[in-house]
Amino acid sequence: MDFTFTEEQLAAAEAARGVFAGVAPDSVPSPALTTGAVADDFDRALWTKLADADLLSLLLAPEHGGAGLDAITLCLVLRESAKVLARVPLLESTAAAAAVQAYGSKELAADLLTRAGRGELVLTVAANGRTGHDPAELAVTARQDGDLWVLDGVQTAVPWAYGAELVVVPAHTGAGRTVLALVPRDHEGAVLAEQISTSGERLGELRLESARIPARDVIEAEGAWEWLRELLATGTCALALGLGEQVLRMTSEYTGKREQFGHPIATFQAVAVQTADRYIDLRAMEATLWQAAWRIASGAPGALPLAGDVAVAKIWASDGVRRIVQTAQHLHGGFGADTDYALHRYHAWAKQLELSLGPAAAYEEALGDLLAAHPLG
């Protein structure tokens, strides 16, 4: 495989850096000083800038006003967004729109995608199940009633739920299939209850009680949920990588200026060894991320199913981002907890990303199962 980025991918990353250059990580109240959500809505001004820069339509085909690019491009942009803690549903809305394009009907795609690419329609995904630990597709049941699908169940911690017009909800049928239902935020039988994330963002618990969704708004294609789930997971790994890179940069700058015994602490061997270990974490996070994104983008077969590459990326991202922020806090000393300094925000966001990815041990177990089912060599 060739991990050299194309000119189009590099151009998208450069455009993203330009848009995010003016974003301040501390533009909302600190989660450490706020009992509720840090804000009621996501950053609408930034969302408009992303739309104007054509960064919301990267994965959409030209007939829907998009650039026709791939998951690698999306991950490059997400990586930049995490460096400034961009408060926008870029991953969720883009991934949901891409799933509609790949698996939805032509009628549904024509109705939604152009508006989504222009930022006029915001989508999110209910991907955490009932508790955050169980499979999301088992948290909601779906049964057909004529030309309608009837949904019942609960999905927890839906990101940006209060700002999105549509929530993509995976649900299982009596036949053992998983469908994706596009549920309007304000819909009869759908109720949101506010939840607050570790990073202080407003989430929503979505309760569905006999919510009736037209069949045209339900994606029944086999593999749709699995593909969307892997894209969301890989995009979250890209966010972890971008955040980790920024935190290590902040740590390098601080330890290069902070002096003890007349010397910058960066020159001390113990400090240098710790930061070198975290640099190795970042490079491993990066390599496994691009492997997973390449598998999604190319559809190429591998020694293991796509889920194996995504599991490896999640193992490194979940453990890596935690180790990076812990080392950063240690090397910053008490300064890292100062609410006037941005590191504590990155720590909170890193913990939220770690929780979203799930424990590395769970993916090590899943990887072991895949290896047992698909012996190498």
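Structure first, text after, so check above.
The following refers to the structure shown. What you are looking at is a predicted structure, and each value in this text was computed from that prediction instead of being measured.

### Quick notes on the environment of Leu76
- Within the secondary structure, Leu76 is located in helix α3 (residues 71-83).
- A sequence separation of 214 residues divides Leu76 from Trp290, and the C-alpha atoms of the two residues are 9.6 Å apart.
- Here Leu76 is in contact with Phe5, Gln9, Ala13 and Trp290, once residues within four sequence places are set aside.

### Section: the pairing of strand β3 (residues 148-159)
- Of all twelve residues in β3, ten are buried, a share of seventy percent or more.
- Linkage of strand β2 (residues 140-145) to β3, two consecutive antiparallel strands, is achieved through a turn of two residues, within which Gly146 is found at a positive phi near 70 degrees.

### A look at the side chain of Glu245
- Mapped onto the elements of the fold, Glu245 is located in helix α6 (residues 224-257).
- Here Arg79 takes part through its side chain, which lies 2.5 Å from a polar atom of the side chain of Glu245.
- Aside from chain neighbours lying at most four places away, what touches Glu245 is Arg79, Lys83, Leu282 and Arg283.

### With respect to empty space enclosed by the protein
- According to the stated counting rule, one finds three cavities of 30 Å³ or more in the structure shown.
- Space inside the largest cavity adds up to approximately 80 Å³.
- In terms of lining residues, the largest cavity is bounded by 13 residues, among which Pro25, Val28, Arg87, Arg345 and Trp349 are the most central.
- Classifying every residue of the lining of the largest cavity gives eight nonpolar, two polar and three charged.

### A look at the state of the cysteines
- Applying the stated rule across the entire model yields zero disulfides.
- For the unlinked cysteine Cys75, the closest cysteine sulfur is that of Cys237, found at 8.2 Å.

### Remarks on unusual backbone geometry
- Here the phi dihedral of Ser210 falls at roughly 55 degrees; this positive angle occurs in a residue that is not glycine.
- Here Ser210 is to be found in strand β7 (residues 202-214).
- On the accessibility criterion, Ser210 (41% relative accessible area) is partly exposed.

### Thoughts on the packing of aromatic side chains
- By the definition in use, this model includes six aromatic pairs.
- Centroid distance Phe42 to Trp47: 5.5 Å. Interplanar angle 65 degrees. Geometry classified as edge-to-face.
- A residue is classified by how much of its surface remains accessible, and Phe42, at 4% relative accessible area, is buried.
- Trp47 sits in the buried class, given a relative accessible area of 3%.
- On the numbers, 6.2 Å between centres and 90 degrees between planes, the contact of Phe42 with Trp160 is edge-to-face.

### Notes on the packing of helix α1 (residues 7-20) against α3
- The geometry of α1 relative to α3 is characterised by a closest axis approach of 9 Å and an angle of 25 degrees between their N-to-C directions. Regarding the angle of α1 to α3, the classification is roughly parallel. The crossing of α1 and α3 is right-handed. For the pair α1 and α3, contact is made by Gln9, Ala12, Ala13, Ala16, Arg17 and Phe20 and by Ile72, Thr73, Leu76, Val77, Glu80 and Ser81, respectively.
- For the contact of α1 with α3, the class distribution of residues is seven nonpolar, three polar and two charged.

### Considering α1
- Along its 14 residues, α1 runs 20 Å from first to last C-alpha, staying within 8% of the 20 Å computed at 1.5 Å per residue.
- Of the residues making up α1, those classed as buried are Gln9, Ala12, Ala13, Ala16, Val19 and Phe20. Projected down its long axis, α1 carries its buried residues within an arc of 120 degrees, all on one side. In α1, the exposed residues that point more than 90 degrees away from the buried face are Glu7 and Gly18.
- Along its buried surface, α1 packs onto α2 (44-52) and α3.

### Examining the layout of surface pockets
- Each pocket or cavity is described by its volume, and for the second largest pocket that value is around 160 Å³.
- What lines the second largest pocket is Leu59, Leu69, Asp70, Ala71, Ala98, Gln101, Ala102, Trp227, Leu231, Ile296 and Ala297.
- Every element with two or more residues in the lining of the second largest pocket is listed here: α4 (90-103), α6 and α7 (269-298).
- It is α4 that contributes the most residues to the lining of the second largest pocket, three residues altogether.
- Of the residues assigned to the lining of the second largest pocket, the class counts are nine nonpolar, one polar and one charged.

### Topic: the pattern of salt bridges
- Overall, the coordinates contain 27 salt bridges when judged by the stated rule.
- Note that Glu107 and Arg216 form a salt bridge whose closest N and O atoms lie 3.3 Å from each other. One end of the pair, Glu107, is in helix α5 (residues 106-117); the other, Arg216, is in the loop between β7 and β8 (218-219), and 109 residues separate them in sequence.
- Between Lys351 and Glu354 there is a salt bridge, with the nearest N and O atoms lying 2.9 Å from each other. Separated by three residues within a single helix, Lys351 and Glu354 lie in helix α9 (residues 343-357), roughly one turn from each other.
- Its relative accessible area of 15% is what places Glu354 among the buried residues.
- One network of salt bridges, in which partners are shared, links Glu14, Arg17, Arg79, Glu80, Lys83, Glu245, Arg283 and Glu286.

What counts, and where the lines are drawn
Residues numbered from 1 in each chain as written. Predicted model: local features only at pLDDT ≥ 70, side-chain atom pairs only at ≥ 80, totals over all residues. Heavy atoms only, no water. Helix = DSSP H or I, 4+ residues; strand = E, 2+ residues; numbered from the N terminus. Contact = heavy atoms within 4.5 Å. Buried < 20%, exposed > 50% of the residue type's maximum accessible area, 1.4 Å probe, protein only. Pairing = 2+ DSSP bridges. Polar contact = N/O pair within 3.5 Å; in protein donor to acceptor, adjacent residues only side chain to side chain. 1 Å grid on protein atoms, 1.4 Å probe; cavity = no way out; pocket = protein on both sides within 12 Å on 5 of 7 lines; lining within 4 Å. Points joined across faces, edges and corners; volume = space filled by probe spheres on them. Nonpolar A, V, L, I, M, F, W, Y, C, P; charged D, E, K, R; others polar. Disulfide = S-S within 2.5 Å. Phe/Tyr/Trp six-rings, centres within 6.5 Å; stacked < 30°, edge-to-face > 60°. Axes fitted to C-alpha atoms, helices over the stretch in contact; angles between N-to-C directions. Parallel < 35°, antiparallel > 145°, perpendicular 65-115°, else oblique. Left-handed = near helix turned anticlockwise from the far one by under 90°. Expected span 1.5 Å × (residues − 1). Arc of directions from axis to C-beta. Salt bridge = Lys/Arg side-chain N within 4 Å of Asp/Glu carboxyl O.

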